[in-house]
Amino acid sequence: MPIGPIDASKNPRYAGFATFARLPRLDQVEHADIAVVGVPFDTGVSYRPGARFGPAHVRESSRLLRPYNPALDVSPFASAQVVDAGDIAANPFHIDEAIDTVHASALDLTADGARLVTIGGDHTIALPLLRAAAEQHGPVALIHFDAHLDTWDTYFGAEYTHGTPFRRAVEEGILDTEALSHVGTRGPLYGKKDLEDDRRFGFGIVTSSDVFRQGVDEVVDKLRQRVGNRPVYVSVDIDVLDPAHAPGTGTPEAGGLTSRELLEILRGFAGLNLIGADVVEVAPAYDHAQLTGVAASHVAYDLVSLLAMRHAEQA
Ligand SMILES: N=C(N)NCCCC(=O)O
Ligand SMILES: [Zn+2]
Ligand SMILES: [Zn+2]
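What counts and how
- Residues numbered from 1 in each chain as written.
- Chains lettered and ligands numbered in written order.
- Predicted model: local features only at pLDDT ≥ 70, side-chain atom pairs only at ≥ 80, totals over all residues.
- Heavy atoms only, no water.
- Near = heavy atom within 4 Å.
- Polar contact = N/O pair within 3.5 Å; in protein donor to acceptor, adjacent residues only side chain to side chain.
- Nonpolar A, V, L, I, M, F, W, Y, C, P; charged D, E, K, R; others polar.
- Salt bridge = Lys/Arg side-chain N within 4 Å of Asp/Glu carboxyl O.
- Helix = DSSP H or I, 4+ residues; strand = E, 2+ residues; numbered from the N terminus.
- Patch = residues over 30% accessible without salt bridge, like charges linked within 9 Å, V, L, I, M, F, W, Y side chains within 5 Å.
- Areas by Shrake-Rupley, 256 points an atom, 1.4 Å probe, with all protein chains shown as cover.
- Buried < 20%, exposed > 50% of the residue type's maximum accessible area, 1.4 Å probe, protein only.
- Donors = N, O, S within 2.8 Å, 3.2 Å for Na, K, Ca; no water.
- Tetrahedral: all angles 85-135°; square planar, octahedral: opposite > 155°, others 65-115°.
- UniProt positions renumbered as here; feature names shortened; annotations may be inferred.

Trainee: Mind laying out the site of ligand 1, listing which residues take part and the relevant values?
Mentor: Around ligand 1 lies a shell formed by Ser-46, His-123, His-148, Asp-150, Trp-152, Tyr-155, His-162, Tyr-190, Asp-237, Asp-239, Thr-251 and Glu-281. In the model, a nitrogen atom of ligand 1 is placed 3.4 Å from a nitrogen or oxygen of the His-148 side chain. In this structure, Tyr-190 approaches ligand 1 through a side-chain N or O atom, which is 2.4 Å from an oxygen atom. Here the shell around ligand 1 is built from residues that sort into 3 nonpolar, 5 polar and 4 charged.

Given below as structure tokens:
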């Protein structure tokens, strides 16, 4: 029997240390099937800093999550042993070293088959997480929720930033270029070439307007078709949400998804071969009333739920 979260009917949910969803820590269980892990790192940002405080804020905003997920009809913490694996200690003064640390820690945490939901941290960390995923599964399909493409080349000559992880990943051959999608893209670009490069790398784009005009079901259908039964990694930059739904982020763009749309699309992924996920770019200094923290914690909860369903199917 998995060890579940602290019982909120016996111990008030606002009391005690904040692990994700008040789950046990990794060192309190014998084996974890799914681990939520933080990466407090924001040295890769191009605008507002502060995503290094994202993991603590998402945990603090996750105290109200309950054990049954009616939208997916699953009790994720009973279907699998889910834990909080704490934070990866990424060097804030050395991006290359931080990337190596995240890569090594992700490999370590998943060595016995555990799946990760990583809480960022800026989007730079998706690169080492994808490296680790590809080492275990081969080149992976990607569904990338973001206002931004994050396939740019360099900033100030720097190759490893939060605007460049997916270009690096394509260059490294760790993504399955038949099955790459951005969702929620919007806002001004540097030039048309950004889109041309992106298409050349193999990405298909579902813009934020597409979600509005076509609706969730059609978008889910398209994304599912593109992924098929490939191993798929889901990366959620919280700035995919409209700043009204997620003000606490570093590079906000108007005209984004609602949290309802994002959660509904994620729930449409039930049955896909999800192998890992991240929720990045939560910067609490710009948040209000935990809007962004609550949204991110619910996104992480649905991702954990999808992984738990997958785990139960395979067990
Ligand atoms: N990954 C995020 N959130 N943002 C990328 C923004 C890149 C830019 O400053 O143009
Ligand atoms: Zn973004
Ligand atoms: Zn991003």
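Trainee: Account for the pattern of salt bridges, naming residues and giving values.
Mentor: Per the counting criterion, the structure on display carries 18 salt bridges. Note that Asp-197 is salt-bridged to Arg-200, the shortest N-O span being 2.5 Å. Of this pair, Asp-197 and Arg-200 both sit in helix α6 (residues 192-201), 3 residues apart, roughly one helical turn. A single network of salt bridges, built from pairs that share partners, joins Asp-153, Arg-167, Arg-168, Glu-171, Lys-193, Asp-197 and Arg-200.

Trainee: Mind laying out a nonpolar patch on the surface, listing which residues take part and the relevant values?
Mentor: Together, Leu-189, Leu-195 and Ile-205 make up a nonpolar patch on the protein surface, roughly 190 Å² of accessible area in all. Inspection of the secondary structure puts Leu-195 in helix α6. For Leu-195, a relative accessible area of 31% puts it in the partly exposed group.

Trainee: Could you give me a rundown of the coordination of the zinc ion (ligand 2), with the residues and numbers involved?
Mentor: Donor atoms from the polypeptide that bind the zinc ion (ligand 2) are Asp-146 (OD), His-148 (ND1), Asp-237 (OD), Asp-239 (OD) and Asp-239 (OD), placed at 2.1 to 2.5 Å. Seen from the zinc ion (ligand 2), its 6 donor atoms lie at angles of 56 to 165 degrees, and the figure they make is irregular. Taken as a pair, the zinc ion (ligand 2) and the zinc ion (ligand 3) lie 3.2 Å from each other and share Asp-146 as a ligand.

Trainee: Account for the UniProt feature "binding site: Mn(2+)" (unreviewed entry) in the protein chain, with residues named and values stated.
Mentor: The positions UniProt marks with the feature "binding site: Mn(2+)" (unreviewed entry) are His-123, Asp-146, His-148, Asp-150, Asp-237 and Asp-239. Considering the C-alpha atoms alone, the annotated residues occupy 117 residues of sequence yet fold into one spot, their largest mutual distance being 12.1 Å. Here Asp-237 lies in strand β7 (residues 231-237). Since its relative accessible area comes to 2%, Asp-237 is described here as buried. A polar side-chain atom of Asp-237 sits 3.3 Å from a polar atom in the side chain of His-123. Mapping Asp-239 onto the fold places it in the loop between β7 and α9 (259-267).

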